[in-house]
Amino acid sequence: MADSNVSGPTRQGSHFALDHRLLRLAPEDNVAVATTTIPAGEALEIDGEPRPCDRTIPTGHKVAIARIPAGAKVLKYGAPIGSATCDIQPGCYVHTHNLKSDYLPTYTYDNLPPR
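Predicted, not measured: the structure shown is a model, and the values here were computed from it.

K.L.:
Please give an account of the pairing of strand β2 (residues 31–34) that cites residues and values.
P.N.:
Summarising the sheet, strand β1 (residues 22–23) and β2 pair through two bridges and their orientation is antiparallel. Directly across from L22, in β2, lies its bridge partner A34. Direction of pairing for β2 relative to strand β5 (residues 62–64): antiparallel, over a ladder of three bridges. The residue of β5 that forms the bridge with V33 is K62.

Here's what the structure looks like:
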């Protein structure tokens, strides 16, 4: 049974046209991995649509390739890796500022223990 809280590309399991700088690891993923650093504001081609990057995306980091609603699972390697903490649009950087782990604590500078 499909999880209604999982958002993925509209054509799961089929070819999904992606910018040559992105690598989708599994057909059901709603994120892809940047194979090179992508500067903020640069457009990425995602399923035939130019999508501007909201910030610089470092090599090896995640980019949304489908709309991911707040609370929805983020899928990488065909498995959920966490939940979106806000709506994430295609072309946006996916990291600790908009993703929380459902398995491990997410550490950011604003929630580190006091020294």
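Having seen the structure, we can now continue with the description.
K.L.:
Provide a residue-level description of the sheet that holds β2, including the pertinent values.
P.N.:
The four strands are arranged β1-β2-β5-β8 in an open sheet whose pairing can be described as antiparallel. Of all the strands in the sheet, the pair left with one neighbour each is β1 and β8 (93–94).

Definitions and cut-offs
- Residues numbered from 1 in each chain as written.
- Predicted model: local features only at pLDDT ≥ 70, side-chain atom pairs only at ≥ 80, totals over all residues.
- Heavy atoms only, no water.
- Pairing = 2+ DSSP bridges.
- Helix = DSSP H or I, 4+ residues; strand = E, 2+ residues; numbered from the N terminus.

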